[in-house]
Amino acid sequence: MNKWAIKLVQEYVTNQLCLPATSWPDYWFRYRSYARKAAYDILCMLQANENSAKEVVENYMSIIDSFYEIKKDGIHGLMLNAAKETAEDILFIIEKESNDESIKKYEN
């Protein structure tokens with residue numbers, strides 16, 4: 001299982017994706033909400049999948065890209081753009097932390 005990657009994503013959500021405030025402008029409120037939803041979708045996929053964390057996130061990004069080609073305007077475009085950028089951030093973190101020392105730190 002990808003316990004170490006799950007912990008990394010949980011930390012990312014806690015430290016980088018605070019809950020949106022109702023006082024935020026509508027665009028940023030929606031963007032942050034969609035970004036958090038994407039991170040939770042990735043968390044669920046990591047928990048349910050035995051593939052490597054990198055493969056799981058890349059698969060998620062591929063799905064988002066497919067949807068973006070179908071519906072990239074308006075609110076759908078905002079939602080899918082937030083999801084893709086969140087997945088890119090998570091993939092970067094996973095690639096950066098995918099060494100044995102980091103994995104051991106998160107496995108304990």
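Our subject is the structure that appears above.
Here the structure is a predicted model, which means the values were calculated and not measured. (Residues numbered from 1 in each chain as written. Predicted model: local features only at pLDDT ≥ 70, side-chain atom pairs only at ≥ 80, totals over all residues. Heavy atoms only, no water.)

Right, let's talk about the side chain of Arg 32 for a bit. Mapped onto the fold, Arg 32 is located in helix α2 (residues 26–48). The buried charged residue Arg 32 lacks any salt bridge partner; its closest oppositely charged side chain belongs to Asp 89, at an N-O distance of 8.9 Å. With residues up to four places along the chain from it excluded, the contact list for Arg 32 reads Gln 16, Leu 17, Cys 18, Pro 20 and Trp 24. (Helix = DSSP H or I, 4+ residues; strand = E, 2+ residues; numbered from the N terminus. Buried < 20%, exposed > 50% of the residue type's maximum accessible area, 1.4 Å probe, protein only. Lys, Arg positive; Asp, Glu negative; His and termini not counted. Salt bridge = Lys/Arg side-chain N within 4 Å of Asp/Glu carboxyl O. Contact = heavy atoms within 4.5 Å.)

Between its terminal C-alpha atoms helix α3 (residues 53–70) stretches 26 Å, which fits the 26 Å expected from 18 residues at 1.5 Å a residue. Of all the positions in α3, only Ala 53, Val 56, Val 57, Tyr 60, Met 61 and Ile 64 are classed as buried. Projection of α3 onto a plane perpendicular to its axis shows the buried side chains occupying an angular sector of 135 degrees, all on one side. Exposed and facing more than 90 degrees away from the buried side of α3 are Glu 69 and Ile 70. The inward-facing, buried residues of α3 abut α1 (3–16), α2 and α4 (74–96). (Expected span 1.5 Å × (residues − 1). Arc of directions from axis to C-beta.)

On the surface, a cluster of nonpolar side chains totalling about 310 Å² of accessible area is made up of Ile 63, Phe 67 and Ile 70. Inspection of the secondary structure assignment puts Ile 63 in helix α3. (Patch = residues over 30% accessible without salt bridge, like charges linked within 9 Å, V, L, I, M, F, W, Y side chains within 5 Å. Areas by Shrake-Rupley, 256 points an atom, 1.4 Å probe, with all protein chains shown as cover.)

This part covers the packing of aromatic side chains. A complete count under the given rule lists 3 aromatic pairs for this structure. Residues Tyr 27 and Trp 28 carry aromatic rings whose centres are separated by 4.9 Å and whose planes lie at 90 degrees to one another, so their mutual orientation is edge-to-face. On the accessibility criterion, Trp 28 (48% relative accessible area) is partly exposed. Judged by centre distance (6.2 Å) and plane angle (20 degrees), the ring pair of Tyr 27 and Tyr 31 falls under stacked. (Phe/Tyr/Trp six-rings, centres within 6.5 Å; stacked < 30°, edge-to-face > 60°.)

Looking now at the packing of α3 against α4. At a minimum axis separation of 10 Å, α3 and α4 run at an interaxial angle of 160 degrees. The pairing of α3 with α4 is recorded here as roughly antiparallel in orientation. You can see that α3 and α4 cross each other, and the crossing is left-handed. Contact residues: Ala 53, Lys 54, Val 57, Glu 58, Tyr 60, Met 61, Ile 64, Asp 65, Phe 67 and Tyr 68 in α3; Gly 77, Leu 80, Ala 83, Lys 84, Ala 87, Glu 88, Ile 90, Leu 91, Ile 94 and Glu 95 in α4. Along the lines of polarity and charge, the residues of the contact of α3 with α4 split into 13 nonpolar, 1 polar and 6 charged. (Axes fitted to C-alpha atoms, helices over the stretch in contact; angles between N-to-C directions. Parallel < 35°, antiparallel > 145°, perpendicular 65-115°, else oblique. Left-handed = near helix turned anticlockwise from the far one by under 90°. Nonpolar A, V, L, I, M, F, W, Y, C, P; charged D, E, K, R; others polar.)

It is worth spelling out the pattern of salt bridges at this point. Evaluated as defined, the whole model comprises 6 salt bridges. Note that Lys 37 and Asp 41 form a salt bridge whose closest N and O atoms lie 2.4 Å from each other. One end of the pair, Lys 37, and the other, Asp 41, are both in helix α2, 4 residues apart, so they sit about a helical turn from each other. In this structure Asp 41 comes out as partly exposed when scored by relative accessible area, which is 25%. Between Asp 65 and Lys 84 there is a salt bridge, with the nearest N and O atoms lying 2.9 Å from each other.

Take it as geometry only, folks, not as evidence of what the structure does.
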